[in-house]
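Chain residues, written in single-letter form:
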Amino acid sequence: MGIKKTVSVLGLGRMGSALAKALVEEGYEVTVWNRTPKALKNTRSVATPEEAFKSDVVVTCLSTYDVQQPLLTNEIKTLVNLTSGTPEQARRTAQWAKDNGVEYVDGVIMAVPQQIRTPQARIFFSGNENHHVLQAFGEPVYVGEDAGLAALYDLALLGIMWATFGGYLQAVALMGSEGIKPAQFTPMAMSWLNEMSTLLPEMGAVTETRNYETDVSALDINVSGLRLLAEANEEQGLDATIPRALHDLFERARRNGHGNHSIASVIEEIRK
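What you are looking at is a predicted structure, and each value in this text was computed from that prediction instead of being measured.

Asks: Help me out: how do you make sense of the packing of helix 5 (residues 149-176) against helix 6 (residues 182-197) in this one?
Replies: Describing two packed helices takes the angle between their axes plus the distance from one axis to the other. For the pair helix 5 and helix 6, the least separation of the axes is 10 Å and the interaxial angle reads 140°. Judged by the angle between their axes, helix 5 and helix 6 are oblique. Classified by chirality, the crossing of helix 6 by helix 5 is right-handed. Mapping the contact onto sequence places T164, Y168, A171, V172 and M175 in helix 5 and P182, F185, T186, A189 and L193 in helix 6. A breakdown of the residues in the contact of helix 5 with helix 6 according to their chemical character gives 8 nonpolar, 2 polar and no charged.

The structure is reproduced here in structure tokens:
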């Protein structure tokens, strides 16, 4: 591979530290900077971001774009931005990079720090189609030329995760209100989720054709079911924010003419 480039990592939280360690293990010469000075084995710690910008590549893994933005300068040669944010924040940073002659890669890390440098770590990236340092962290997955696409994939997938976890915890609380332990209920939940996941390709296809006719499970039946779910949680003394929110969304779709349509028709309310 020849001589590897120098890399700086800005931000030494759990994830940033894992990234810096991975780069060291891959043989890179690594410089690190953190707002609160922090030493990391086999790296060179610097007191200011400006010192870190001397490296060939600067990797940022900071808490927010608001923290990152004041640090950016045209002294950076290549910026690999792994700071979480919205697609528009990524696009604005990409435009800044273009205006300042900085090579730019926008990425998101679909892993926890302990998974870095394992096959389980996927790094979605967009904008610049290739950058060698990403291979040190896991499996790079290029998602498109638009710099905002990595953040879009990230938030879409996390949205599924958060909704699933929220639904699971609501169910565990509901079962627990009658003394049923998670260990007894969870295998049923896992089997149910696996079965439900097989329905996603067809549902996705329907949202494209927008033909929501169904002879399986109409929306109005599901609206009634969600009302019962919310009432049952309240009767058991639980917070019903999640089922109430879903009921209200599905009910709006029903009122707007989708009562006899499939659940997929709810996307029309979301699209608004």
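Asks: Honestly, the pairing of strand 6 (residues 103-110) in this entry has me stumped. Any pointers?
Replies: Within a regular strand, side chains alternate between the sheet's two faces. Across the 8 residues of strand 6, 7 count as buried, placing the element largely inside the fold. In this structure, strand 5 (residues 78-81) lies alongside strand 6, joined through 4 bridges in parallel fashion. Bridge pairing links T78 to E103 in strand 6. Remark: the strand 5/helix 4 (residues 87-99)/strand 6 crossover connection has right-handed handedness. Direction of pairing for strand 6 relative to strand 7 (residues 122-127): antiparallel, over a ladder of 6 bridges. Considered in strand 7, the bridge of M110 is made with R122.

Asks: Looking at this model, I keep getting lost on the environment of T93. Mind explaining?
Replies: By the element assignment, T93 lies in helix 4. Not counting the four nearest positions on each side in its chain, T93 is found in contact with Y65, Q68, Q69, L72, L79 and Y104.

Asks: Is there a simple way to explain the nonpolar core in this structure?
Replies: One recurring pattern in soluble globular proteins: nonpolar side chains tend to sit buried together. In terms of nonpolar packing, the biggest core is built from 29 residues, with L19, L23, V59, L82, I116 and F137 touching the most fellow members. Going through the elements one at a time, strand 1 (6-10), helix 1 (14-25), strand 2 (29-33), strand 4 (57-60), strand 6 and strand 7 are the ones with two or more residues in this core. Sorting elements by how many residues they give to this core places helix 1 first, with 7 residues. Beyond its immediate chain neighbours, meaning those up to four positions away, F137 contacts L19, A22, L23, L82, I116, R117, T118, A121 and I123. Ranked by size, the runner-up nonpolar core spans 19 residues in total, among them V58, L62, I76 and A97.

Asks: How should helix 6 be read in this particular structure?
Replies: Counting along an α-helix, one turn takes 3.6 residues, and residues three or four places apart therefore face a common direction. Taking 1.5 Å of rise per residue, the 16 residues of helix 6 would be expected to cover 22 Å, and the 21 Å separating its terminal C-alpha atoms lies within 8% of that figure. Listed as buried for helix 6 are F185, T186 and A189. Down the axis, helix 6 shows its buried residues gathered within 105° of arc, on one side only. The outward face of helix 6, more than 90 degrees from its buried face, is lined by the exposed residues A183, Q184, M188, M190 and N194. In the core, the buried residues of helix 6 are packed alongside helix 5.

Asks: Even after reading the chapter, I still don't get a nonpolar patch on the surface, so can you show me in this structure?
Replies: Residues L155, M161, W162 and F165 make up a contiguous nonpolar surface patch of roughly 400 Å² in combined accessible area. Looking at where L155 falls in the secondary structure, it is placed in helix 5. Among the residues examined, L155 registers a relative accessible area of 36% and is labelled partly exposed.

Asks: Sorry, what's going on with the packing of aromatic side chains here?
Replies: Pairs of aromatic rings are described using the distance from one ring centre to the other and the angle between the two planes. With the rule as written, the count across this model stands at 2 aromatic pairs. Aromatic side chains F124 and Y153 sit 5.9 Å apart centroid to centroid with 80° between the ring planes, which places their arrangement in the edge-to-face category. Linking F124 in strand 7 with Y153 in helix 5, this pair joins segments that are 29 residues apart in sequence. The buried category is assigned to F124, whose relative accessible area is 5%. A residue is classified by how much of its surface remains accessible, and Y153, at 41% relative accessible area, is partly exposed.

About the criteria used
Residues numbered from 1 in each chain as written. Predicted model: local features only at pLDDT ≥ 70, side-chain atom pairs only at ≥ 80, totals over all residues. Heavy atoms only, no water. Axes fitted to C-alpha atoms, helices over the stretch in contact; angles between N-to-C directions. Helix = DSSP H or I, 4+ residues; strand = E, 2+ residues; numbered from the N terminus. Parallel < 35°, antiparallel > 145°, perpendicular 65-115°, else oblique. Left-handed = near helix turned anticlockwise from the far one by under 90°. Contact = heavy atoms within 4.5 Å. Nonpolar A, V, L, I, M, F, W, Y, C, P; charged D, E, K, R; others polar. Buried < 20%, exposed > 50% of the residue type's maximum accessible area, 1.4 Å probe, protein only. Pairing = 2+ DSSP bridges. Right-handed = clockwise from strand over helix to strand, strands pointing away. Core = buried A, V, L, I, M, F, W, Y, C linked by side-chain atoms within 4.5 Å. Expected span 1.5 Å × (residues − 1). Arc of directions from axis to C-beta. Patch = residues over 30% accessible without salt bridge, like charges linked within 9 Å, V, L, I, M, F, W, Y side chains within 5 Å. Areas by Shrake-Rupley, 256 points an atom, 1.4 Å probe, with all protein chains shown as cover. Salt bridge = Lys/Arg side-chain N within 4 Å of Asp/Glu carboxyl O. Phe/Tyr/Trp six-rings, centres within 6.5 Å; stacked < 30°, edge-to-face > 60°.

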